[in-house]
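# Survey of secondary and tertiary structure
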Amino acid sequence: MNVSLFITCLTDLFAPQVGMATVQVLEHFGCKVDFPEAQTCCGQPQYNNGYPGEARTLAERMIRVFKNSQYIVTPSGSCCAMVREHYPLLFKDDKRWENDALEFVAKTYEFVEFLTKVLKVDVAGLSLPSETAVTYHYTCHTRGLHMGEGPCVDMVKKLGNTTFAPLEKHDQCCGFGGTFAVKYTDISAAIVKDKVTCGNQTQADVMIVNDAGCAMNIGGACHRYGAHFKPRHVAELLAEAIDNRHPPQPKG
Amino acid sequence: MNSRMKAPTMSITESDVAPPANEPPNPNLLSDNDLKHPPHARGAALPIFNPDFKAHAHEAALDELLHDAHENSIVKNWYARARVLAADLPDADALRSLAGNLKAHTLDHLDFYLEQFADSVEKAGGHVHFASNAEEANQIVVDIARRTHSRLIVKSKSMVSEETELNRALLAADLIPIETDLGELIVQIAGDHPSHLVYPIVHMRAKQIGEVFAKFFNVPFTDDPNALAEMARVYLRNRFAEADLGVSGVNFACADTGSICICANEGNARMCTSRMRIHVAMMGMEKLIPRFTDLPVFLKLLARSAGGQPLTQYSNIITGPKRAGELDGPDEFHIVIMDNGRSRILASDYRDTLRCIRCGACLNACPIYRKVGGHTYGSIYPGPIGALITPLFNGLEHHEHLPQATTLCGACYEACPVKINIPEMLIAMKGDLKLVGKDPWYEKYVFRLWTIGLNGKLRYVLGQKLQRFAMRHFFKKSKDGWLTKLPGLAKGWTEVRDFPLPPKKNFRELWRERGLKNTT
């Protein structure tokens, strides 16, 4: 199965390790991964701030770049939700673009969605290198993709060496919201502090946050206010579990 | 309708809660001074009581007491609601679609249904009044009160009457309005504003309510919810006995039968509508549904969405005045149908906002509302739906923060029982800011430049390198590699949290190093 990686600009710059983990997991489950280097940004910031014209410029670029891809997979869910929810609106009734846009939308998947819906992977048998308590933040794009928390949480629960600790108010936004975080700092701070507090209450080591933006926000608040847990992408956990299958043997 | 305090179940006589003998409750204590109405600037269509969103948000975002009050009510309710929906309505999503489609259909043919409804009401013996704005609506109520020699007016909860500031108009006409919903009564005697569509006093703690009651009833302070509720109950019983005219809102108006449905939890709406000589129901013209038989669809959703109840305690269905031989019911039944800007909204791209049944679910779900509270929105319609309709009623130029103060998390859309796509409309409204000149002057240049910078591989790669270089070398950072102080537009970020330092290599550099074949 051929998969083109849609890395997204934030993951590219701030979380390259998530991108590498995504590649490793996809390859482990039998995909042939390519990375079209002409890709840039999906236009989400432009669209969400009321600049649909600018967003469309970037959307056209995305559609052109991934024209020949079979599947497109992204580790950053809000970008996938941007494509899924808003690209059809951007190209509505535009004869020249609409078909290409809808085709692009149909083959674009969020990472967890792709693993569970298309590849239907079974992670039983994989196990983390050490006992890890995991909690899960329901990032808002999950709502946009109509996924629910099930697919990701079920997968994590099946991983060996993990205990799952449910997060209070797991479906409450982390307060990122793109430019919202800098425009309405006070409100954003109150919301993200709430997330850190709830995260700390779980006593978990890791909070799964499958979106680069949310991870920057929650991570930044964890660092400022102190937290027992680290926000991580589920791809990173899966990659660790895959590495753990053949741990390096001690010499001698 | 709902208050955070439960009314006591056992029956207590008035003497049980009578204040000390030397300070008897004064049945005539009602005066304009007692029944305050807070001052504010009059906007176009809605009363506006706090024009400075940002300043209010700053305070509210730090108000831990407010957050606690919300956690113990609306947030708790939110999860109760989720459980009730899952248990009782396994196909809630289909029901929401049906409700949304029914409302959309009604709005698409509102002229027809309004006429049908007016005919049906008159056939049932009621009187229909159309009001094009708030003043007209208030005047209609005042005129009815004067003609029927009514002075004491009991009101059940009605958001439309908040919209028209009916109480202010009645007081000005030397009439005495008494709010009979417990939460609204507290708001009224405190001279406050409701902060939620369904729970008007969700921002208050029992202690505050105790202080308000101690002063108003002239009794020793108590914050025991049962005692407070009992004081209100006794007080309201007497008002019900004295009043001539009852004003109510309308939850649903059935076009085919002329029936109105009022959903309430405290029994006060039934007192206001059945015991009075005159009943005046006020409604926005979007409250219509086509058929009486459509009512169950909405009743199934309303109370569940509002507070996780299967139904409100009372679902009052009223068709016309008392008929010959009936014991209960008013001699006169009036309906005031108000436009107040709704036909303008109907003709706009924001028609779907008129589907709203005022259940408050989007408020309860909203991370912003939970942290800033209803008063921050400055309008009687707060929360996500308020962020849309307040600018629609009053002009976006007066409320430029409302559509912007959103993370677009989508919780409101998911919660909405009639599937109003609030996030998508907030985005559209952000785009409208340019039309009213309320976008920051630099913003369009920022987005234009940003877009140009992203529309080309080389530009993008250089841009990423530049950002990384700047962040790694120019800005203040902690020892363990987090940026702690950023300038310019990013300043707000590091005021409240740290910013991650980009790693030395971005993904595409790592990808190349890995030596994998790529497609370009």
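Residues numbered from 1 in each chain as written. Chains lettered and ligands numbered in written order. Predicted model: local features only at pLDDT ≥ 70, side-chain atom pairs only at ≥ 80, totals over all residues. Heavy atoms only, no water.

### Let's talk about the environment of B:Ser195
Quick reminder of the rule: Under the scheme used here, helices are H or I runs from DSSP no shorter than 4 residues and strands are E runs no shorter than 2 residues, and both carry numbers assigned from the N terminus. It only takes one pair of heavy atoms within 4.5 Å for two residues to be counted as in contact.
Within the secondary structure, B:Ser195 sits in the loop between helix H8 (182–190) and helix H9 (206–217). Among all residues touching B:Ser195, those that are not within four sequence positions of it are B:Pro200, B:Val202, B:His203, B:Tyr369, B:Gly374, B:His375 and B:Pro382.

### Points about the interface of chain A and chain B
To be explicit about the condition: Buried area: the accessible surface (1.4 Å probe) lost by two parts on joining, summed over both. Any carboxyl oxygen of Asp or Glu that lies within 4 Å of a side-chain nitrogen of Lys or Arg is treated as forming a salt bridge with it. In protein, a polar contact means a hydrogen-donor-capable atom and an acceptor-capable atom, both N or O and within 3.5 Å, with residues adjacent in sequence counting only if both atoms are side-chain atoms; elsewhere, any N or O pair within 3.5 Å suffices.
At the interface, 68 residues of chain A touch 75 residues of chain B. Between chain A and chain B, the buried area comes to about 6400 Å², and carbon and sulfur atoms account for 60% of it. The largest per-residue losses of area from chain A upon contact with chain B belong to A:Leu13, A:Glu37 and A:Tyr51, which jointly make up 12% of the total buried on that side. One can count ten salt bridges joining chain A with chain B. Here B:Glu71 and A:Lys169 are joined by a salt bridge, their closest N and O atoms 2.9 Å apart. At the boundary of chain A with chain B, the tally comes to 38 residue pairs in polar contact (both at pLDDT 80 or more). With nine residues, helix H11 (residues 185–201) of chain A is the single largest residue contributor to the side of chain A that touches chain B.

### Observations regarding the packing of helix H3 (residues 92–108) of chain B against helix H12 (residues 295–307) of chain B
For any two helices packed against each other, the geometry comes down to the angle between their axes and how far apart the axes lie. Residue and element names in this part refer to chain B. Here is the rule we go by: Orientation is described by axes fitted as lines to C-alpha atoms, over the contacting stretch for helices, and by angles from 0 to 180 degrees between their N-to-C directions. Any angle from 65 to 115 degrees is called roughly perpendicular, while one under 35 is roughly parallel, one over 145 is roughly antiparallel, and all others are oblique. Handedness of each helix crossing follows the sense of rotation of the near helix against the far helix: counterclockwise by less than a right angle gives left-handed, clockwise gives right-handed. Three categories are distinguished: nonpolar for Ala, Val, Leu, Ile, Met, Phe, Trp, Tyr, Cys and Pro, charged for Asp, Glu, Lys and Arg, and polar for the others, with Gly belonging to the last.
One way to put it is that H3 packs onto H12 with a least axis distance of 10 Å and a crossing angle of 120°. Relative to H12, the element H3 lies oblique. The chirality of how H3 crosses H12 is left-handed. Residues Leu-95, Arg-96, Leu-98, Ala-99, Leu-102 and Lys-103 of H3 form the contact with H12, whose own contacting residues are Val-297, Phe-298, Lys-300 and Leu-301. Of the residues assigned to the contact of H3 with H12, the class counts are seven nonpolar, no polar and three charged.

### Some details on the state of the cysteines
All names here are of chain B. Test applied: Here, two cysteine sulfur atoms that lie within 2.5 Å of each other are counted as a disulfide. Using a 1.4 Å probe on the protein chains alone, a residue whose accessible area is under 20% of its type maximum counts as buried, one over 50% counts as exposed, and one in between counts as partly exposed.
A full pass over the atoms with the stated rule returns zero disulfides over all chains. Considering cysteine sulfurs only, Cys-263 is the nearest to Cys-261, which forms no disulfide, with 3.9 Å between them. Exposure remark for Cys-261: the relative accessible area of 0% places this residue in the buried category. Cysteine Cys-356 is unpaired, with the sulfur of Cys-362 as its nearest cysteine sulfur at 6.4 Å.

### Brief notes about the domain arrangement of chain B
Put simply, the rule is: Boundaries between domains were set according to an automatic or database domain assignment.
Taken domain by domain, chain B comprises domain 1 (94–343) and domain 2 (443–513). When each unit is reduced to the centre of its C-alpha atoms, the spacing between domain 1 of chain B and domain 2 of chain B is 54 Å.

### Thoughts on unusual backbone geometry
Residues and elements named next belong to chain A. Phi at Lys-120 is positive, roughly 50°, even though this residue is not glycine. By secondary structure assignment, the location of Lys-120 is in the loop between helix H7 (111–118) and strand E5 (127–136). With a phi angle near 65°, Asn-161 is a residue other than glycine that sits in the positive phi range. As for its position among the elements, Asn-161 is in strand E6 (residues 160–164).

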